[in-house]
Amino acid sequence: MVRATVRWLASSAALLVVVTALTFVLTSIAPGDAATAILSSQSGSYTPEQVERMRHLLGEDQPLWARYGAWLADLARGSLGTDLFSGQPVTEIIAARLLPSMSLVVGTVLVATLVGTWLGAVSARRGGFVGRLVDVVSLLGFAVPSFWLALVLIELFAVRWRLFPPGGYVDPRDDLGGWLATMTLPVVTLSAGAIAFIAKQTRDAMSDVLAQEYITMLRARGLSERSIVYKHALRNAAIPVVTMLGLTLVSLLSGAVVIEGIFFIPGLGERAVVATGDHNLPVITGIAFCFTLVVVTTNLIVDLAYRALNPRVRHS
Amino acid sequence: MKRLGLSPTGLVAAGFLLVVLLASLGAPLLAPYDPEQQDLTAALAGPSAEHWLGTDRLGRDVLSRLMYGGHVTFIAVAEAVAVYVVLGAGLGILAGYLGGWVDRLINGISDLLLALPGIIILLMVLAVFPNNGAATMAALGAMTSPVLLRVTRGVTLAVREELYVRAARLSGLTAGRIMVRHILPRLAGPITVQVFLFAATAVLVQSSLSFLGLATPETVGPSWGNMVAHAAAVTSQDLWLAVPTGGILVLTVLALGLLGDAARARPARRAAPTRAYRPVVPAVTSSPPAVPGPATVNGAAPLLSVRGLTIAVPGPDGPVTVVRDVDFDVAAGECVGLIGESGSGKTMIARSLLGLLPAGGAVTAGHALFRDRSGSTTVDLARLGEREFAAIRGRRIGLVSQEPSSSLDPSFRVGSQLAEVIRRHEPMSRRQARARVLELLATVRLADPERVARQYPHELSGGMAQRVSIALALAGNPALLVADEPTTALDVTVQAEILDLLRDLQARLGMAVLLVTHDWGVLADLGERAVVVYAGQVVEQASVDDIYRDPRHPYTRRLLEANPHRAPVGQGLPTIGGVVPSPTVWWPGCRFEPRCPDATPRCVAGPVPLEPVGGEVGGSANRLVRCVRAEELVRR
Amino acid sequence: MIPERSTPLLSLRNVTVNYGRGRRRLPDAVQDVSLDLTAGETLALVGESGSGKSTVGNVVLGLVPVRAGTVTFAGEDITHATGRRRRELTRHIQPIFQDPYGSLNPVRTIRQTLVEPLLAHERLTAAEQRERVALALSRVGLEPDAADRYPAQFSGGQRQRIAIARALMVSPRLIVCDEPTSALDLSVQAQVLNLLRQLQRELRVSYLFITHDLAIVRHVADRVAVLRRGRIVETGPTEQVYENPREAYTWALIAAAPVPDPEQQRRRRLLTGAAQSGSPGPARPAPAESTSGR
């Protein structure tokens, strides 16, 4: 147990280092820099001396490894640096934008898992027409681009029928109803693909399980079909599905970036897009760090769940 | 195309993709308009004869722009797929075949790539290489390659462990040759599937980036993504534009996804036995036949009386009858052995009594009259529906099967599984159930029932698991236990204990046992009466003593002679020439005739009935043989 | 040990195999095993699951590494032979496996499978290859046109014959038969066993015959070695071991297998059944039940 924890810590730390170092490298070799971006946003023209001074001010004239070292030192002190443009601490920026992003992503995961597994279980049990229907819905959910679906949904539900707001975000602590209203369309859009994927995985896993000898034996012992499918089969099928959920969440993080942009949700993804264009190194690195933390935590949860579900692994 | 064996959907998808591909690559020649040609007078026009898919805000022809945009898409997909395949398949094969530290290293890299926050990396790559689609697509391919790597590695590992690969290695072939002859052909399919699925993803990612304006902006040229963005800007004025722009994306991704599924769904050529046992409603005969009265055995009505049982399973060209016209009885408390070789149909007979025939299988004729304990009511097992079987299974008829390790749910503890079955058949409190669990485990002679109840199936040895399986079958107090090859998978010493246990249970609980086996030693040990099954028919029925001492049917006789226990040592073993006829070629006469040295033309003149044979003095009554020469062959 | 008529073809001395690696500790799969096999002879390795009999076969085939001891073949120490030497050895040592369905590649014709040993060891023209394949098939009693068909078109017994044909392609001196008839029906089993004996008489090939079925040992083996939990418990000529087992375990093994004769079986039960009463957890000299994974 201790060995496993140490191994997890080591691999997570390695991952964080790789991601943040990669961020540094890529951002600095990208053409342009924050200095010119700031100056051009302030006034149309600027002199090379101004650029030089700005670069020195921002620390952009330091060698790469020194900047990375400084960043790591900051991290040790619990700080993620400051925004090159506004001077605001990156931790504050992230804190402010964390809840909107997590509302979207976690909300999607919950909805997609519940709906997806239920659809998958039903279609595995019924087979036939229902099974094929789920297949078709899965395929469509996978094929429809999220940004296109978002547009259609906004046009119909927000603009024409005025059921939901077309965008924006409301803090749940201020107004729970408003928060739900603004989150509905984005979550629906983002879930579409995830539901399709999870339903298919669940269905495949369930079909595999239902073909096993022990399921026949459970039937031979007189257990009800309901118990067999929803207690025994689902429990065994959950194992492969749970391992897939980790992957799903990582890809959802990516999809969320697009959705945040379309629905004007002030989340981390949206900020990352802007920061990349601005070469705002501390902000990008901070957000990348945050995303990686989410990934690492998810992997841990998935691993724990897998161990809890699979008795064979628990006792090895 | 035909050789690929695609389903109709697959063909349609492939056709569609081909059309789109040709239209996109041939856009400079085929497009009706220049994609940048504006005509502000015809802006945002719907579909018309001049503009099949309408125009956009600047009056540009949508169809032409889609064709040029397709060019962008397919190039991007090609770039991503190239990197994906080279990295994913290449590293996967290396990891799977070489194993050891190479495998560990590659797995480490793979996990790392998989955990990268994809979009962030893509954004940064875009920043580094602005407007260079190739770099971004290559990065996408690289970051997703772990998916293909995992699949490739899995298949390579699996094939490497196949017996025929081991045989090839032991034939002296080098690793390279083995790779080419055995592993690569097996990889073609899975790689194709994953490539299609990834291509679909690549289309979506590329169009997303384009939609966000991060790649291929409209100023450079049309792409499907930026066309959707364009449509988004004008939805208030014209919703139509969203249709072709989104539609082409949906349809292309759909087609790629369908091809991926179609490639996956191709049936494996190896004829693997289907083990999908699902309950089926037995085929109801058109007119209800008169139910024949059960014969009496020793003066009392038998517990189970099977008459004319006929079972069919689905075959490639329609249903195939695998059991025809089977008759036998089981008296209360008696142990009857259904003995036969593989393909005889004995397992089908046993499973049909519980309504557990494999998918699509059904009883097509005959009856299986089962009398319940009190003796008052009789049900016909051959006519029950799923719901009615639920009342029989476990409660009046129990089942124990061959593989103890795979007959228990691996995710639940033994005690929990037992308690569930107990409470299903008899409502009781949890504490009472727990007591009964321990009782049952003691009944099947498990030392330390408390400990076993807490264990998971994978912690049990084969013998213990089989005892648990028997306990589960006994939980509902059934009158009949169907034991389907209960000891075949066990070591010989454990087998002896299990047979002993079954004998003991039979005596103590007054339970009847229908023992399905191919092992004549097991039958001699446990059985009281024997029913010999060959090619879906009963060929002989007698008490166990009679059948070993004086077999009447040529098949039974030859089979016993070929038994290594009975054959004299030193000469070759007696054999039975030929093979068991497959159900698809069964004929009306005696099915053993081609292999029988005593055959005469009479044997195949017509159906041979199962008839009583005069027993020797001292033999028991109720001997039945399906042979026209049964009487004559005795006299020899 | 029987007096050696000639130097044994195969000789194992104090062979120990352990699958544990680094910090993982496992009990020995095979411990201190010694045996001899002379040319043209059949030695049966008998045991239950976990006895190590298959491991010994794998050692001879070079599939598992040996932790201690020596393996000598035709006078040469092959204990740690690797790579190219092992491939050369496959000319002389061939396997037949238990599973007739898994040992032939389902998507390759019989010819493509049978040709593999020839590709590895000889340079033949296509015509010569065809001839050799036809010869091998006829030797095992199959028609030459079988070469162009696929495994799925053959029965289990026929597939085992094809596996035997493959083993014979390069005229080996020793064939390791790992439960070759366990997956076959009784009526077919006899055919395959007779074929193996006949080939031995014709070609003077030796068999290391691995099985759990004591009954067929009497019909195929000259000598038998009984294994239990990785160790050899008893060796000797087959009839002697069968009629007069020296060890309690051998005796228990023989006694436990039921014979196809109800009266005789009843009598045997009485002899061995003294301890088999209805009490839970019977205490008897035979291997007791134990939980796995400890």
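Here the structure is a predicted model, which is why all the values come from computation and not from measurement.

A. Inspection of the overall build of chain C at higher detail. A count of helices and strands for chain C gives 11 helices and 10 strands. Since a compact globule built from 294 residues should have a radius of gyration of about 19 Å, the 21 Å found for chain C is in line with a globular shape. Based on the C-alpha atoms only, the size of chain C along its principal axes is roughly 70 × 45 × 40 Å. Relative to all contacts within chain C whose residues are 6 or more apart in sequence, the contacts with residues 24 or more apart total 66%.

B. Just the overall build of chain A, in detail. A tally of regular secondary structure across chain A gives 13 helices and zero strands. Scanning chain A from its N terminus toward the C terminus, one meets helices and strands in the order α-α-α-α-α-α-α-α-α-α-α-α-α. Along the three orthogonal principal directions, the C-alpha set of chain A runs to about 85 × 60 × 35 Å. Burial status across chain A gives 45% buried among its 316 residues. Nonlocal contacts in chain A, meaning residues at least 24 apart in sequence, comprise 73% of its contacts between residues at least 6 apart.

C. Quick look at the pairing of strand 7 (residues 480-484) of chain B. Residue and element names in this part refer to chain B. Counting buried positions along strand 7 yields five of five residues, so the element is predominantly enclosed. Here strand 7 shows two buried faces, one formed by L480, V482 and D484 and the other by L481 and A483. Where strand 6 (residues 397-400) lies against strand 7, four bridges are found, and the strand directions are parallel. Bridging across to strand 7, I397 finds its partner in L480. One ladder, built from five bridges, connects strand 7 with strand 8 (residues 512-517); its direction is parallel. Within strand 8, the position partnered with L480 by the bridge is A512. For the segment spanning strand 7, helix 17 (residues 492-509) and strand 8, crossover handedness is right-handed.

D. Molecular detail of the interface of chain C and chain B. Listed as interface residues are 58 residues of chain C and, on the opposing side, 56 residues of chain B. At the level of secondary structure, the elements contributing two or more residues to the side of chain C that touches chain B comprise strand 6 (93-96), helix 4 (116-121), helix 7 (186-203), helix 8 (214-220), helix 10 (248-256) and helix 11 (262-272) of chain C. Residues of the side of chain C that touches chain B, tallied by class, amount to 26 nonpolar, 21 polar and 11 charged.

E. How the structure looks around the confidence of the model for chain A. Predicted confidence across chain A gives a mean pLDDT of 85, with 99% of residues reaching 70 or more. When pLDDT is averaged over each element of chain A, helix 9 (residues 213-220) of chain A comes out on top at 93 and helix 2 (residues 34-42) of chain A at the bottom at 75.

F. A look at the packing of helix 6 (residues 128-143) of chain A against helix 10 (residues 242-264) of chain B. Orientation of helix 6 of chain A relative to helix 10 of chain B, taken along the N-to-C sense of each, is 125°, at an axis distance of 8 Å. Viewed along their axes, helix 6 of chain A and helix 10 of chain B adopt a mutual orientation that is oblique. Taken as a pair, helix 6 of chain A and helix 10 of chain B cross one another with a handedness that is right-handed. Note on element contacts: helix 10 of chain B touches helix 6 of chain A through V250(B), V253(B), L254(B), G257(B) and L258(B), opposite L139(A), F142(A) and A143(A). Considering only residue class, the contact of helix 6 of chain A with helix 10 of chain B consists of seven nonpolar, one polar and no charged.

G. Here's a closer look at the nonpolar core. Counting 348 residues, the largest nonpolar core has A202(B), L514(B) and L208(C) as the members making the most contacts within it. Residue contributions to this core peak at 18 residues, all from helix 10 (residues 225-263) of chain A. Ignoring anything within four residues of it in the chain, the contact list for A202(B) reads A76(B), V77(B), A80(B), V81(B), M137(B) and L140(B).

H. A look at the interface of chain B and chain A. Opposite the 59 residues of chain B that make contact, chain A presents 55 residues. Counting residues per element, the ones that place at least two in the side of chain B that touches chain A are helix 4 (100-115), helix 5 (118-128), helix 8 (175-211), helix 9 (224-233), helix 10, helix 13 (414-425) and helix 16 (462-474) of chain B. A class-by-class count of the residues in the side of chain B that touches chain A yields 36 nonpolar, 15 polar and eight charged.

I. Looking closely at the pairing of strand 6 of chain C. Residues and elements named next belong to chain C. Every second residue of strand 6 is oriented toward a common face, with I93 and P95 on one face and Q94 and I96 on the other, all of them buried. The pairing of strand 6 with strand 7 (residues 174-178) spans four bridges and is parallel. Across the sheet, the residue bridging to Q94 is I175, located in strand 7.

J. How the structure looks around the sheet that holds strand 4 (residues 68-73) of chain C. Residues and elements named next belong to chain C. Taken in spatial order, the four strands line up as 2-1-4-5 in an open sheet, and their pairing is antiparallel. Edge strands, defined here as strands with exactly one partner in the open sheet, are strand 2 (30-37) and strand 5 (76-77). As paired strands, strand 1 (residues 10-17) and strand 4 are joined by five bridges and run antiparallel to one another. Each bridged residue has a counterpart across the sheet, and for S11 the counterpart in strand 4 is T72. Where helix 1 (residues 53-61) meets the sheet, its contacts fall on strand 1, strand 2 and strand 4, and the angle it forms with strand 1 comes to roughly 115°.

K. Focus on the packing of helix 16 of chain B against helix 17 of chain B. Residue and element names in this part refer to chain B. Contact pair helix 16 / helix 17: the axes reach a minimum separation of 10 Å and the direction vectors enclose 20°. Classified by the interaxial angle, the pair formed by helix 16 and helix 17 is roughly parallel. Judged by the sense of rotation from one axis to the other, the crossing of helix 16 with helix 17 is right-handed. Contacts from G462, G463, Q466 and R467 in helix 16 reach V494, E497, I498 and L501 in helix 17.

L. The arrangement of the sheet that holds strand 7 of chain C in detail. Residue and element names in this part refer to chain C. Strands sit in the order 6-7-8-3-9-10 across an open sheet of six strands; the sheet is mixed. At either margin of the open sheet sits one strand with a lone partner, and together these are strand 6 and strand 10 (231-237). Each strand axis lies, on average, 20° off the axis of its neighbour in the sheet, ignoring direction. Examined bridge by bridge, strand 9 (residues 223-228) and strand 10 share six bridges and lie antiparallel to one another. Bridging across to strand 10, R223 finds its partner in P237.

M. The environment of I265(A), seen in detail. All names here are of chain A. Here I265 lies in the loop between helix 10 and helix 11 (268-278). In this structure, the C-alpha to C-alpha distance between I265 and A121, residues 144 residues apart in sequence, is 34 Å. Every residue in contact with I265, bar those within four places of it in the chain, is listed here: P100, L104, Y169, P186, E260 and E270.

N. Spatial organisation of the confidence of the model for chain C. For chain C, per-residue confidence averages 87 on the pLDDT scale, and residues scoring 70 or more make up 90% of the total. Counted against residues more than four places away or in other chains, residues 274-294 of chain C, with its pLDDT under 50, gives 28 contacts.

O. Molecular detail of the environment of I392(B). When you line up the elements, I392(B) lands in helix 12 (residues 386-392). Residues I392(B) and D372(B), spaced 20 residues apart in sequence, show a C-alpha to C-alpha distance of 9.6 Å.

P. The arrangement of the arrangement of the chains in detail. The pair of protein chains exhibiting the most contacts, out of two pairs of chains in contact, is chains B and C. Here chain A and chain C are not in contact; the least distance found between their C-alpha atoms is 9 Å.

Q. Seen up close, helix 7 of chain C. Taking 1.5 Å per residue, 18 residues should reach 26 Å; helix 7 of chain C reaches 26 Å between its end C-alpha atoms and fits that length. L186(C), S187(C), V188(C), Q189(C), A190(C), Q191(C), V192(C), L193(C) and L196(C) are the residues of helix 7 of chain C that are buried. Structurally, helix 7 of chain C contributes buried residues whose contacts are with helix 20 (554-562) of chain B together with helix 6 (156-168), strand 8 (206-211) and helix 8 of chain C. Within two residues after helix 7 of chain C, R204(C) carries a phi angle of roughly 60°, on the positive side.

R. Quick look at unusual backbone geometry. Residues and elements named next belong to chain B. At N477, a residue that is not glycine, the phi angle is positive and equals roughly 60°. Note that N477 resides in the loop between helix 16 and strand 7. Classification of N477 by C-beta neighbours within 10 Å gives partly exposed; the count is 14. Positive phi outside glycine occurs at E485, with the angle close to 50°. With respect to the helices, strands and loops of the structure, E485 is situated in the loop between strand 7 and helix 17.

S. Molecular detail of the environment of R269(C). All names here are of chain C. Among the secondary structure elements, R269 is positioned in helix 11. Judged by the 17 C-beta atoms lying within 10 Å of it, R269 falls in the partly exposed class. Taking the C-alpha atoms as reference points, R269 and A256, separated by 13 residues in sequence, lie 8.8 Å from one another.

Reading guide: rules and limits
Residues numbered from 1 in each chain as written. Chains lettered and ligands numbered in written order. Predicted model: local features only at pLDDT ≥ 70, side-chain atom pairs only at ≥ 80, totals over all residues. Helix = DSSP H or I, 4+ residues; strand = E, 2+ residues; numbered from the N terminus. Rg over C-alpha atoms; globule rule 2.2 N^0.38 Å. Contact = placed C-beta atoms within 7 Å. Buried ≥ 20, exposed ≤ 12 C-beta atoms within 10 Å, placed from the backbone. Pairing = 2+ DSSP bridges. Right-handed = clockwise from strand over helix to strand, strands pointing away. Nonpolar A, V, L, I, M, F, W, Y, C, P; charged D, E, K, R; others polar. pLDDT = per-residue confidence, 0-100. Axes fitted to C-alpha atoms, helices over the stretch in contact; angles between N-to-C directions. Parallel < 35°, antiparallel > 145°, perpendicular 65-115°, else oblique. Left-handed = near helix turned anticlockwise from the far one by under 90°. Core = buried A, V, L, I, M, F, W, Y, C linked by C-beta atoms within 7 Å. Expected span 1.5 Å × (residues − 1).

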